Amino acid sequence: MMQNDGIRETTETVRILRSKNDPEQLAAALRKLAELRRHEGDEAKALENYEEAVSLFRKSGNSLRLAHTIRHLGDIHRRAGRFDVALACYEEALGICRRSKDVSTLDIANTVRALAVLRSDTGNNSAAKILWKEARSLYEDSGVRAGIDECDDRLAALSKQNS
């Protein structure tokens, strides 16, 4: 199935779910649509879908899906250079993750990583270093080699900048 077929099918699913009374299913479909659009490079439409999904997840009470969706919303804002908005998204997502009893270590690692990327992108190297170290530890606890390697690379790059 081609990506555009996925977008068409998911758009149809969203249309159908709008007539149902299940905000969490609609939010999940909107998030999937946002991810498909993001992979296609249509970040403007992805942003709209993520924002609507966030609103619905807030009402549904599914804090983990909310945190995950807010993090992706932050990614779009970061790539667009809206760093203050991205920071607010990442901090909210991380706060939700840290308060949740059901969150996986990997979910926390991915959220800390997103905040570390933002801190690196905005030149806040001291905060970035702390976050990359935390993310590395969390990826290690999760057994995610690619995450550990990225953190090691980022920390080495920050050390070179400081010397």
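Preceding this section is the structure that the text describes.
So, how was this worked out
- Residues numbered from 1 in each chain as written.
- Predicted model: local features only at pLDDT ≥ 70, side-chain atom pairs only at ≥ 80, totals over all residues.
- Heavy atoms only, no water.
- Helix = DSSP H or I, 4+ residues; strand = E, 2+ residues; numbered from the N terminus.
- Contact = heavy atoms within 4.5 Å.
- Areas by Shrake-Rupley, 256 points an atom, 1.4 Å probe, with all protein chains shown as cover.
- Buried < 20%, exposed > 50% of the residue type's maximum accessible area, 1.4 Å probe, protein only.
- Expected span 1.5 Å × (residues − 1).
- Axes fitted to C-alpha atoms, helices over the stretch in contact; angles between N-to-C directions.
- Parallel < 35°, antiparallel > 145°, perpendicular 65-115°, else oblique.
- Left-handed = near helix turned anticlockwise from the far one by under 90°.
- Nonpolar A, V, L, I, M, F, W, Y, C, P; charged D, E, K, R; others polar.
- Core = buried A, V, L, I, M, F, W, Y, C linked by side-chain atoms within 4.5 Å.
- Disulfide = S-S within 2.5 Å.

A. Focus on the overall build of the protein. When helices and strands are tallied, the protein shows 8 helices and 0 strands. Counting helices and strands in the order they occur from the N terminus, the protein gives α-α-α-α-α-α-α-α. Taken along its principal axes, the extent of the C-alpha atoms in the protein is 60 × 35 × 30 Å. Once local pairs closer than 6 in sequence are excluded, the contacts in the protein between residues at least 24 apart make up 49%. For the protein, the exposed surface amounts to about 8,800 Å²; the carbon and sulfur share of it is 47%.

B. Just the environment of R65, in detail. Turning to its location among the elements, R65 is positioned in helix 4 (residues 63–79). Given a relative accessible area of 31%, R65 falls into the partly exposed group. Considered as a pair, R65 and R119 are 54 residues apart in the sequence and their alpha carbons are 24 Å apart. R65 has contacts with E24, A28, R31 and F57, leaving out every residue within four places of it along the chain.

C. Focus on helix 6 (residues 105–121). With 17 residues, helix 6 extends 24 Å from end C-alpha to end C-alpha; this agrees with the ideal 24 Å at 1.5 Å per step. The complete set of buried residues in helix 6 reads I108, A109, T111, V112, A114, L115, A116, V117, L118 and S120. Tucked into the core, helix 6 has its buried residues touching helix 4, helix 5 (83–99), helix 7 (125–142) and helix 8 (145–162). One or two residues past the end of helix 6 sits G123, with phi positive at roughly 80°.

D. Structural view of the packing of helix 6 against helix 7. As a packed pair, helix 6 and helix 7 sit with axes 8 Å apart at the nearest point and diverge in direction by 160°. Accordingly, the angle class assigned to the pair helix 6 and helix 7 is roughly antiparallel. Note that helix 6 runs across helix 7; the crossing there is left-handed. Two secondary-structure elements touch here, helix 6 through T105, L106, I108, A109, N110, V112, R113, L115, A116, V117, R119 and S120 and helix 7 through N125, A127, A128, L131, W132, E134, A135, L138, Y139, D141 and S142. In terms of residue class, the contact of helix 6 with helix 7 is made up of 14 nonpolar, 5 polar and 4 charged.

E. Up close: the packing of helix 7 against helix 8. As a packed pair, helix 7 and helix 8 sit with axes 9 Å apart at the nearest point and diverge in direction by 155°. The pairing of helix 7 with helix 8 is recorded here as roughly antiparallel in orientation. Crossing handedness for the pair helix 7 and helix 8: left-handed. Across the interface between the two elements, N125, A128, K129, W132, K133, A135, R136, Y139 and E140 of helix 7 pack against G147, I148, E150, C151, D152, R154, L155, L158, S159, Q161 and N162 of helix 8.

F. Structural detail: the nonpolar core. With 49 residues, the main nonpolar core has I70, I108, V112, L115 and W132 as its most contacted residues. If sequence neighbours within four positions are ignored, I108 has contacts with L94, C97, R98, V103 and L138.

G. Spatial organisation of the environment of D153. Structurally, D153 can be placed in helix 8. With a relative accessible area of 54%, D153 lands in the exposed category.

H. Expanded view of the state of the cysteines. Following the criterion strictly, the structure yields 0 disulfides and no others. Free of any disulfide, C89 has its nearest cysteine sulfur in C97, 13 Å distant. C97 provides the cysteine sulfur closest to C151, a residue in no disulfide bond, and the two sulfurs are 16 Å apart.

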